[in-house]
Amino acid sequence: MLAAFRENLIEEIKTRVDIIDLISEYVPLKRRGQNYVGLCPFHTEKTPSFTVSPSKQLFYCFGCGVGGDAFTFLMKREGLNFSEALTRLAERVGINLEEGEGAGIFKLRREKERLYQIGALAARFYHLILLRHPTAAQAREYLQRRRVSLEAVRKFELGYAPDSPRALVDYLKRHGFHPREIALAGLAASRAPEGSFDRFRRRLMFPVKDPAGKVIGFGGRALDNSEPKYLNTPETPLFRKGHHLYGLHLAVAGIRRRGKAVVVEGYLDAISAWQHGVDNVVATLGTALTIEQARALKRYTEEVIIAYDADAAGRAAALRVLGVLADMGLRVRVLLLPEGKDPDEFLQRQGGQAFQKLVEEAPPWLVYIIEQVAQSYNLADPSECVKAIQKIIPYLAKIEDAVERDNYVRILSRRTGQLETAIYEELHKFRARQMGRPRRLILDGDIRDSQGTAVTTFQGPEVYLLCAYLASEEWADRIEASLGPAFWSLPQAGIIASAAKELREEYPGLEGEDFQDKLSKKLPPDALPLLARVALKEGQEPLEPKALEQAIKSIQLKKWEDEMQACRRSLSLAEAAGREDEVKALQTRILDLARNIKNLKAGRGET
Ligand SMILES: [Zn+2]
């Protein structure tokens, strides 16, 4: 029992702790692509090789090889054992362990359950006030003016927070909730001498629900000039900033059926879409789309259409998120609204079908970027034109599929009037700058760059093979067919590979983040640094069949050379002892090995 509680507890802590927050307290981190980097706290360095991944919640230092999760970090940094780190992290995320771990986790479950109840009651309370109470007249007028139907008000359970210091707090207290719990739910604050008071007042209330439809937080819009215009629930055990999407619970079925999700900025855009029969629309909550929100969408679809306002702010917001989404492997398109319009206005005037048509016609994100950039430069001026192309190149470099990339180069060439060859040249220059010197694999050990110095971020074909092994079952089979299951010389690599194999047998077809999640849980702590290293490198180094073959060859060669040395040692012993049969057998084997090695080095590779 206790072991299960402990596992639950660790799981709960992992979902609540943010590794970026934690590590930022020790190391200043800077964003770089999908990850954060900083100067390693475990060794002395001048350029940052310490990398933290917010989506994977792992860290790894490419300089000294330390890596792992939040627990590992705290243990290493503070010299704690696992239990001590557990206690520290539990405190950090507000889990009380004093009554023992079992009681603690029980309390936690119960606490969450209570918070869901508070959310449901509060939504109900605000909703009834909006529907009936005289104090909500202004809110009802506002909704009428925005043409929100009564049906939509009911479906989205819109509400109104009255202008009264303790209306909700008193209501919840009457239902048996303690002011401390109400504060924990983010619905009340406390100040001496008044005590608890409502956080939301005189606001139109939009309950934010999880995909199962349970209330986890609120967005409140001011109806007068109060600041801020939008007030959200603060961080609570249920509500995390930038993690949730408004309207997702009502859109899941539509997203699945249509195979795509449309992302808008405003609550009313999402409601308006639903009202007009467009049932696959979600809204971000007053922020640009975050990685976490994109991950949430990726559970339901591979295709996302960004439908932000057709003004400068909306376009800037779209540009910020496009690269991030594409990096996550989502197909991304951008919906083009008439200038100055937001999705709600368009839907009100043109209707749901016209909106659907815009969704169907939405250009791929890179075409959108090309158009945006082209419009902001005077392309008739050659130097401006070069600048425009240079602005687009970093996005173009993200496209891995060659056919797709050629297509975009053609579009860019047509739009700017520059030759395709000139664009390819810029692209190659950019790539060379980005990667440092071009790398190649050589047979006798590490992967080196053209100058022959080992590239520290990519030590050895074995790590490369482990990457490939985890990336797909097909490659794992290919590797085992060539090298057998037991070739790993790094013991942790062998452990990780066999855990991956078991997992694939247990859950056929499991892949991506689910696979990685389950895998990391299966592993002993000392295998985590290597997994973190492999996971963080994923997406930075291309996995391709040719490089895979090279890495396999390189390992094969090492295997044969090791065997050759062992044979030579045995041979001299056998000769000294006069064991003639053994001498003969060893000589034959050595000749075989020598031939194999020679063939492999000559690139023929037969055994
Ligand atoms: Zn380091």
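What counts, and at which threshold
- Residues numbered from 1 in each chain as written.
- Predicted model: local features only at pLDDT ≥ 70, side-chain atom pairs only at ≥ 80, totals over all residues.
- Heavy atoms only, no water.
- Helix = DSSP H or I, 4+ residues; strand = E, 2+ residues; numbered from the N terminus.
- Buried < 20%, exposed > 50% of the residue type's maximum accessible area, 1.4 Å probe, protein only.
- Contact = heavy atoms within 4.5 Å.
- Areas by Shrake-Rupley, 256 points an atom, 1.4 Å probe, with all protein chains shown as cover.
- Pairing = 2+ DSSP bridges.
- Axes fitted to C-alpha atoms, helices over the stretch in contact; angles between N-to-C directions.
- Patch = residues over 30% accessible without salt bridge, like charges linked within 9 Å, V, L, I, M, F, W, Y side chains within 5 Å.
- Salt bridge = Lys/Arg side-chain N within 4 Å of Asp/Glu carboxyl O.
- Lys, Arg positive; Asp, Glu negative; His and termini not counted.
- Charge placed at Lys NZ, Arg CZ, Asp CG, Glu CD.
- Donors = N, O, S within 2.8 Å, 3.2 Å for Na, K, Ca; no water.
- Tetrahedral: all angles 85-135°; square planar, octahedral: opposite > 155°, others 65-115°.
- Disulfide = S-S within 2.5 Å.
- Polar contact = N/O pair within 3.5 Å; in protein donor to acceptor, adjacent residues only side chain to side chain.
- UniProt positions renumbered as here; feature names shortened; annotations may be inferred.
- Domains from an automatic or database assignment.
- Buried area = accessible area lost by both parts, 1.4 Å probe.
- Nonpolar A, V, L, I, M, F, W, Y, C, P; charged D, E, K, R; others polar.
- Core = buried A, V, L, I, M, F, W, Y, C linked by side-chain atoms within 4.5 Å.
- Parallel < 35°, antiparallel > 145°, perpendicular 65-115°, else oblique.
- Left-handed = near helix turned anticlockwise from the far one by under 90°.

Remarks on the overall build of the protein
If you tally the helices and strands in the protein, you get 25 helices and 17 strands. Seen through its C-alpha atoms, the protein measures out along the principal axes to roughly 110 × 75 × 45 Å. For the protein, the residues scored as buried account for 47% of the 607 residues in total. The contacts in the protein between residues at least 6 apart in sequence include a share of 62% that link residues at least 24 apart. Here the protein has roughly 30400 Å² of accessible surface; of this, 50% comes from carbon and sulfur atoms.

What about the sheet that holds strand E6 (residues 159–161)?
In any sheet, the strands associate via hydrogen bonds between backbone groups, in a parallel or an antiparallel arrangement. Read from one edge of the open sheet, four strands run E6-E9-E10-E11, paired in antiparallel fashion. In the strand order of this sheet, the two ends are held by E6 and strand E11 (230–232), each with one partner. When the angles between neighbouring strand axes are averaged without regard to direction, this sheet yields 35°. Two elements, strand E10 (residues 215–222) and E11, share three bridges in a ladder whose sense is antiparallel. Paired with Gly219 across the strands is Asn232, a residue of E11.

Focus: a negative patch on the surface
A cluster of acidic residues, Glu473, Glu474, Asp477 and Glu505, forms a negative patch on the protein surface. No other element matches helix H20 (residues 473–483), which puts three residues into the negative patch. Counting through the fold element by element, Asp477 comes out in helix H20.

Some points on the coordination of the zinc ion
At 2.0 to 2.3 Å from the zinc ion lie its protein donor atoms, namely Cys40 (SG), His43 (ND1), Cys61 (SG) and Cys64 (SG). Between the four donor atoms coordinating the zinc ion, the angles at the centre fall across 101 to 117°, so the site counts as tetrahedral. The class of Cys61 is buried, set by a relative accessible area of 0%.

Observations regarding the pattern of salt bridges
Across all of its chains, the model carries 26 salt bridges by this definition. For Arg595, the salt bridge is made with Asp592, and the minimal N-O distance between the two is 3.5 Å. Here Arg595 and its partner Asp592 are both found in helix H25 (residues 580–601), three residues apart, which amounts to about one turn of the helix. Arg595 gets classed as partly exposed once you look at its relative accessible area, which sits at 48%. With a relative accessible area of 27%, Asp592 lands in the partly exposed category. Among the ionic contacts, a cluster of salt bridges with common partners joins Arg124, Glu157 and Lys209.

Considerations on the state of the cysteines
Scanning all chains against the criterion turns up zero disulfides. Cys467 carries a free sulfur, and the closest cysteine sulfur to it, the one in Cys61, is 17 Å from it.

What about helix H3 (residues 70–78)?
Residues of H3 that are buried include every one of Ala70, Phe71, Thr72, Phe73 and Leu74, and no others. The distance from a side-chain oxygen at the start of H3 to the backbone nitrogen of Phe71 is 3.2 Å, and the residue carrying that oxygen is Asp69. Immediately downstream of H3, the backbone of Gly79 shows phi near 65°, a positive value.

Structural notes on the UniProt feature "zinc finger region: CHC2-type" (unreviewed entry) in the protein
As annotated in UniProt, the feature "zinc finger region: CHC2-type" (unreviewed entry) corresponds to residues 40–64 in the numbering used here. End C-alpha atoms of residues 40–64 are separated by 8 Å, and the span's content is 0% helix alongside 32% strand.

Some details on helix H8 (residues 167–174)
Those residues of H8 not exposed but buried are Ala167, Leu168, Val169, Tyr171 and Leu172. Just past H8, the residue Gly176 takes up positive phi, approximately 90°.

Remarks on the domain arrangement of the protein
Much of the literature gives interface size as the accessible area that the parts lose upon coming together. The domain boundaries assigned to the protein delineate domain 1 (2–95), domain 2 (106–232), domain 3 (248–362), domain 4 (370–435) and domain 5 (437–607). The interface is formed by 13 residues belonging to domain 1 together with 13 residues belonging to domain 5. Note on domain 1 versus domain 5: buried area summed over both sides is about 1200 Å², and carbon and sulfur give 66% of it. On the domain 1 side of the contact with domain 5, Lys56, Tyr60 and Phe62 bury the most area, a combined 50% of that side's loss. The interface formed by domain 1 and domain 5 holds zero salt bridges in total. Counting across the domain 1 and domain 5 interface gives zero residue pairs in polar contact (both at pLDDT 80 or more). Here the side of domain 1 that touches domain 5 takes three residues from strand E4 (residues 58–61), the largest share from any one element. The class makeup of the residues in the side of domain 1 that touches domain 5 is four nonpolar, six polar and three charged.

Some words on the nonpolar core
The biggest cluster of nonpolar side chains holds 66 residues, and the ones touching the most others in it are Tyr126, Leu158, Leu187 and Tyr246. A total of 10 residues in this core trace back to one element, the largest contributor, which is helix H5 (residues 100–132). Split by domain, the residues of this core number at least three in each of domain 2 (106–232) and domain 3 (248–362). For Tyr246, the contacting residues outside a window of four places in its chain are Phe156, Leu158, Phe206, Pro207, Val208, Tyr267, Ala270, Ile271, Val282, Ala283 and Leu285. By size, the runner-up hydrophobic cluster in this structure holds 49 residues, among which are Ala251, Val282, Tyr300 and Ile389.

Observations regarding the sheet that holds strand E13 (residues 281–283)
As summarised here, the arrangement of the four strands in space is E13-E12-E14-E15, forming an open sheet in which the pairing is parallel. Strands with a single pairing partner mark the edges of an open sheet, and in this sheet they are E13 and strand E15 (331–334). Taken over all neighbouring pairs, the strand axes of this sheet differ in orientation by 30° on average, direction set aside. For strand E12 (residues 261–264) and E13, the ladder comprises three bridges, and the chain directions are parallel. Looking at E13, one finds that Val262 is bridged to Val281. Its contacts with the sheet place helix H11 (residues 267–275) against E12 and E13, and it is angled at close to 165° to E13.

Here we look at the packing of H20 against helix H24 (residues 545–577)
Contact geometry for H20 and H24: axes closest at 10 Å, N-to-C directions at 30°. By the angle between their axes, H20 is roughly parallel relative to H24. With respect to the hand of their crossing, H20 and H24 are arranged in right-handed fashion. Taking contact as the criterion, the partners of Trp475, Arg478, Ile479, Ser482 and Leu483 in H20 are, on H24, Pro545, Leu548, Glu549, Ile552, Ile555, Gln556 and Lys559. Residue composition of the contact of H20 with H24, grouped by class: seven nonpolar, two polar and three charged.

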